[in-house]
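Summary of structural features
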Amino acid sequence: MNQITKIDTLCRACGHGGCGVQIVKDGEKLIKVEGDKNHPISKGYTCKIARASIELREHPMRLRHPMKRAGARGEGKWEQISWEEALTTISDKLTLFKEESGAESVVFGHGTGRDFQHYLYRLAHLYGSPNVMTPGHMCYLPRIAISKVLGFDIPLVDYDNNPECLMVWGANHLNSNADEYCAINLANSLKRSNKVIVIDPRRTAVTERADLWLQLRPGTDSALALGMLHVIVKENLYDQDFVTNYASGFEQLAERLEQFPPEKVAEITWVPAEQIIEAARLFAAAKSGAIQWGVGIDQNVNCVDGARLLLNMVALTGNFDAPGGNVVFMPSPVMPAREFALFHKLPPEQQKKMLGGEQYKLGTIIGRLTPHVVWDAILEEEPYKVRGMLTFASNLLVIRENAHRVYEALKKIEFFVTTDLYRTPTVEMADIVLPATTWLEHDGVGDHWKSHGYVFPRNKVVEPVGEAWPDIKIFAELGKRLGFKEYFWDDNRESFDIMLKPAGLTWEEFKDMPEGLQTKPVYHKYKQSGFGAPGRKYEFYIHQLEEWGYDPLPDYHEPPEGPLRETEFVDKYPLILTTGSRLTNFFGSEGRQSELLRKDHPDPLVEIHPQAAAARGIVDGDWVTISSPRGEAKFKANVTDGIDARVVSADFGWWFPEKGGPEYGWRESNINFLTDDQGPNDPMIGATPLKGLQCEIRKI
Ligand SMILES: Nc1nc2c(c(=O)[nH]1)N[C@H]1C(S)=C(S)[C@@H](COP(=O)(O)OP(=O)(O)OC[C@H]3O[C@@H](n4cnc5c(=O)[nH]c(N)nc54)[C@H](O)[C@@H]3O)O[C@H]1N2
Ligand SMILES: Nc1nc2c(c(=O)[nH]1)N[C@H]1C(S)=C(S)[C@@H](COP(=O)(O)OP(=O)(O)OC[C@H]3O[C@@H](n4cnc5c(=O)[nH]c(N)nc54)[C@H](O)[C@@H]3O)O[C@H]1N2
Ligand SMILES: [Mo]
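The present account deals with the structure reproduced in this document.

Broken down by element type, the chain carries 29 helices and 27 strands. With the C-alpha coordinates aligned to their principal axes, the bounding extent of the chain is approximately 70 × 60 × 60 Å. In the chain, which comprises 700 residues, the proportion classed as buried is 65%. A separation of at least 24 residues holds for 74% of the contacts in the chain among residues at least 6 apart in sequence. A total accessible area of about 25100 Å² is found for the chain, and carbon and sulfur atoms account for 50% of it. Charged side chains in the chain number 79 positive and 96 negative. The centres of these two groups are separated by 3 Å.

With that settled, consider the sheet that holds strand 24 (residues 623–628). Reading around the circumference, 22-26-23-25-24-27 is the order of the six strands in this closed barrel, with mixed pairing throughout. Pairs of neighbouring strands in the sheet enclose a mean axial angle of 45°, with direction left out of account.

Using the criterion set out here, one finds 37 aromatic pairs in the structure. Measuring from ring centre to ring centre gives 6.3 Å for F242 and Y246, while their planes differ by 40°; the resulting arrangement is tilted. One end of the pair is F242 and the other is Y246, both in helix 10 (residues 240–246) and four residues apart, which spans about a single turn. Here F242 and Y246 have matching classes, each one buried. Taking 5.0 Å as the distance between ring centres and 75° as the angle between the ring planes, the aromatic pair formed by Y246 and Y526 counts as edge-to-face. Placement of Y246 in helix 10 and of Y526 in helix 25 (residues 526–529) is noted, with a sequence separation of 280 residues between them. A relative accessible area of 19% places Y246 in the buried class. Since its relative accessible area comes to 7%, Y526 is described here as buried. Members of the aromatic cluster, joined through ring pairs, are F152, Y238, F242, Y246, F250, F320, Y526, F531, Y538 and F540. Here the basic side chain of K264 rests over the ring of F260, its NZ or CZ set 5.0 Å away from the ring centre.

What follows covers the site of ligand 1. Taken together, the neighbourhood of ligand 1 is formed by 34 residues, with S176, D200, D221, L583 and F586 sitting nearest. D200 is positioned such that a nitrogen or oxygen atom in its side chain is 2.6 Å from an oxygen atom of ligand 1. Contact with the protein chains hides 97% of the accessible area of ligand 1, taken as 910 Å² for the molecule alone. Put simply, the parts of the chain that give the shell around ligand 1 at least two residues each are helix 6 (173–176) and helix 14 (295–298). Ranked by residues supplied to the shell around ligand 1, first place goes to helix 6 with three residues.

A general trend in soluble globular proteins is that nonpolar side chains are found buried together. Within the largest apolar cluster, 96 residues are counted, with the highest numbers of intra-cluster contacts made by I146, W169, L224, M313, L362 and Y538. Of all the elements, helix 15 (residues 303–316) adds the most residues to this core, at ten residues. I399, A430, V648 and A650 belong to the second largest nonpolar core, which has 57 residues in total.

Quick look at the packing of helix 9 (residues 221–234) against helix 13 (residues 273–285) now. Interaxial distance between helix 9 and helix 13 falls to 9 Å at its minimum, and their mutual angle equals 65°. Seen along the crossing, helix 9 lies across helix 13 with a hand that is right-handed. Each of L224, G227, M228, V231 and I232 in helix 9 lies in contact with helix 13, whose residues at this interface are I276, I277, A279, A280 and A284. Among the residues forming the contact of helix 9 with helix 13, the class breakdown is nine nonpolar, one polar and no charged.

So, on to the site of ligand 2. If you check the shell around ligand 2, you find 33 residues, and the closest are T112, S394, D420, D471 and S589. With respect to ligand 2, the side chain of R12 contributes an N or O atom lying 3.0 Å from an oxygen atom. The backbone of T419 places a nitrogen or oxygen atom 3.1 Å from a nitrogen atom of ligand 2. Protein contact buries 98% of the 920 Å² of open area that ligand 2 shows by itself. Here the shell around ligand 2 is built from residues that sort into twelve nonpolar, 13 polar and eight charged.

As a further point, take helix 5 (residues 141–150). For helix 5, the tally of buried residues reaches eight of ten residues, placing the bulk of the element in the interior. Along helix 5, the positions that sit buried rather than exposed are L141, P142, R143, A145, I146, S147, V149 and L150. In this structure, the buried side of helix 5 is in contact with strand 13 (289–293), helix 14, helix 15, helix 18 (361–366), strand 21 (538–539) and helix 26 (543–548). Positive phi shows up at G151, right after helix 5, with a value of about 95°.

The residue R368 is located in the loop between helix 18 and helix 19 (371–379) in this model. Polar side-chain contacts of R368 include one of 2.9 Å to the side chain of Y121.

A separate point is the packing of helix 9 against helix 11 (residues 250–257). The N-to-C vectors of helix 9 and helix 11 enclose an angle of 115°; their axes lie 9 Å apart at closest approach. Classified by chirality, the crossing of helix 11 by helix 9 is left-handed. Here L226, L229, H230 and V233 of helix 9 come into contact with helix 11, specifically with F250, A254 and L257. Considered class by class, the residues forming the contact of helix 9 with helix 11 number six nonpolar, one polar and no charged.

Our focus in this paragraph is the layout of surface pockets. In this structure, the second largest pocket encloses a volume near 1200 Å³. Together, 45 residues line the second largest pocket, and I144, E180, A337, K450 and S451 are the ones closest to its centre. Elements that contribute at least two residues to the lining of the second largest pocket include exactly helix 4 (117–127), helix 5 and helix 16 (337–340). A breakdown of the residues in the lining of the second largest pocket according to their chemical character gives 22 nonpolar, 13 polar and ten charged.

Quick look at empty space enclosed by the protein now. Tallying each qualifying case throughout the model produces six cavities of 30 Å³ or more. Its boundaries defined by the atoms lining it, the largest cavity holds a volume of some 180 Å³. In terms of lining residues, the largest cavity is bounded by 17 residues, among which A13, L56, L421, Y422 and E590 are the most central. Of the residues contributing to the lining of the largest cavity, the split by class is nine nonpolar, five polar and three charged. Of the volumes computed, that of the second largest cavity is approximately 130 Å³. Lining of the second largest cavity is provided by 15 residues; of these, D115, F116, H442, D443 and I472 occupy positions nearest its centre.

Cut-off values and rules
Residues numbered from 1 in each chain as written. Chains lettered and ligands numbered in written order. Predicted model: local features only at pLDDT ≥ 70, side-chain atom pairs only at ≥ 80, totals over all residues. Heavy atoms only, no water. Helix = DSSP H or I, 4+ residues; strand = E, 2+ residues; numbered from the N terminus. Buried < 20%, exposed > 50% of the residue type's maximum accessible area, 1.4 Å probe, protein only. Contact = heavy atoms within 4.5 Å. Areas by Shrake-Rupley, 256 points an atom, 1.4 Å probe, with all protein chains shown as cover. Lys, Arg positive; Asp, Glu negative; His and termini not counted. Charge placed at Lys NZ, Arg CZ, Asp CG, Glu CD. Pairing = 2+ DSSP bridges. Axes fitted to C-alpha atoms, helices over the stretch in contact; angles between N-to-C directions. Phe/Tyr/Trp six-rings, centres within 6.5 Å; stacked < 30°, edge-to-face > 60°. Lys NZ or Arg CZ within 6 Å of the ring centre and 35° of its normal. Near = heavy atom within 4 Å. Polar contact = N/O pair within 3.5 Å; in protein donor to acceptor, adjacent residues only side chain to side chain. Core = buried A, V, L, I, M, F, W, Y, C linked by side-chain atoms within 4.5 Å. Left-handed = near helix turned anticlockwise from the far one by under 90°. Nonpolar A, V, L, I, M, F, W, Y, C, P; charged D, E, K, R; others polar. 1 Å grid on protein atoms, 1.4 Å probe; cavity = no way out; pocket = protein on both sides within 12 Å on 5 of 7 lines; lining within 4 Å. Points joined across faces, edges and corners; volume = space filled by probe spheres on them.

Here it is as structure tokens:
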């Protein structure tokens, strides 16, 4: 029997991560992941995904060595190579592409927010490419980008001060612990808040607690928000002091709102007019009110308007930067990620070449690309040809909208490198594959809570499997080989020291501080210093958007496939499809390899109402095909009255590791064969609709 030890660290079993945990070890063997009761954010709670980490770390599908392709692309033939060969091959290619076609011909990419992304940007900017592709355009960034245009950082729910009325809008954080949030804080608030309003087309544990559940038609969120604001303004329920002293453009907004009386909005959204009025009154009347939003808002073609409408609602009701409202927390005491990412090192002439930059200004200001512009540049070579792509932590074939085009682009691109933990269908498409370490196998400055003003140490608890490297070491070693020695380091800990320096700490000191560093919130900052936008006012009419050629006022646009369009298409595909509602067992496309996680969710599920099922001869548990003109996917029917009879909701992220490579069944139940990237997309950021498409379902 070895000695049992416990190591404090920060979980990142799910990408957004950030829960305080202790890892129990027996000698070098990992025994279990336990919640840290003293952690200020997660308060002792952990989830199933965290508990599966140990099984997954040792999984036979882990990548253990760098590999290069030995057959045709996607054929599944590989040769193990050394790190030296892998890195030299990559840096030689990148140097050649830069010489022949400019640094913009290489795209860097990552999946959802992970704690290495500022290192990726650092490398991309030094190399000179403005092109970093992420899923952000329809996940979280619409909210961040429009906040930035308005001159502040994203305002977050002030759970510690107990919102009296909590409005949960297109979010289910009990399942998702999404960016900057943690299920336990929402769960506590659901118990303590006086009133809870939920806007969601599906029944969830959150809607079950709601005082008012608005079961809207997917994709119509902006119309609903316009309708609620109409009521707030018409009935004079807004904060006069805020409007008079701290805001501009109220009259123009009020005029726009005239077009959205509750009766009209009810027709668009299917939410009865009385409920729209009641929700508006409830929220406006509360002494403190906060809006917890999620990707229900982001994943449609109206997402930037959706985000600014919710901000407007917070602002008009006096809840902006107020205790128990939505608060702009103070920055964490370490180096800002943007500074570490060396945005200023990207030459302006390179910045101008950013793909889609002219079209999607809100993507430009935060430095991220929506994928379709990359596929255009690979497949159509417009506006120029992309020759190389390096992606980190992204199972592109399964997770990106319009999987047909993703596949064609990966087949065509000249040089594709990917870094992952496991073999995946996307890994099989690469020319070179690099093995990364899991969160248990590396140190780091965990910055998931940075927008709340917190950072925590992540401590390595076990040696990596095989020759796997931390992603951040890969960036550093590539950077050095590309000629940027003075910006990188031989030991990752030097980079932590750089980040911690403004806080007056070194990694050696910080690593033993599981309580992390915290900055206390300051409320109502705008009363002292105004807002960051010109004129220092909160702009209901946004001049910067007007300058860029967009609508300065928020509006509603029917989804491209909305039933109000009355096309032949809608008759043939009468069901409205929403996709990707988060599952407790899986993070994105991850976890399908785990016995623990697959046990109680073995198959891809689609929720369908009993009437819609009966009309199609479908019973619970039947295999069905979901189809649209773009493609098909095979799912198991989950018949439930928690969804409207006109709507269905399908899982995302499905592939089948057990079916073996190189395909791993990625074509069978991939809902992204039905999602589209060909537009119309959100005009300002390029978000593609994932919630609010049309489809038909038939029994197999
Ligand atoms: N366990 C787990 N956790 C995760 C993830 C995961 O895959 N698994 N993914 C992570 C990622 S990348 C993200 S972005 C976050 C997302 O976290 P959330 O924002 O909580 O995401 P979802 O569950 O997709 O959507 C929230 C709710 O929106 C509802 N919804 C669907 N369509 C619409 C619509 O048109 N309008 C409105 N108002 N609501 C709609 C769904 O029914 C769902 O209950 O979670 C992160 N955390
Ligand atoms: N239809 C539909 N599609 C969606 C969504 C939806 O709701 N509906 N949601 C969208 C959203 S919000 C997002 S954010 C994206 C998510 O998109 P991605 O983040 O690209 O998601 P995954 O495909 O799960 O890719 C994660 C990959 O990273 C690997 N990985 C995990 N940790 C690490 C690490 O530390 N290092 C490295 N190198 N690899 C690692 C995993 O093994 C996995 O293969 O999906 C989007 N796609
Ligand atoms: Mo996301």
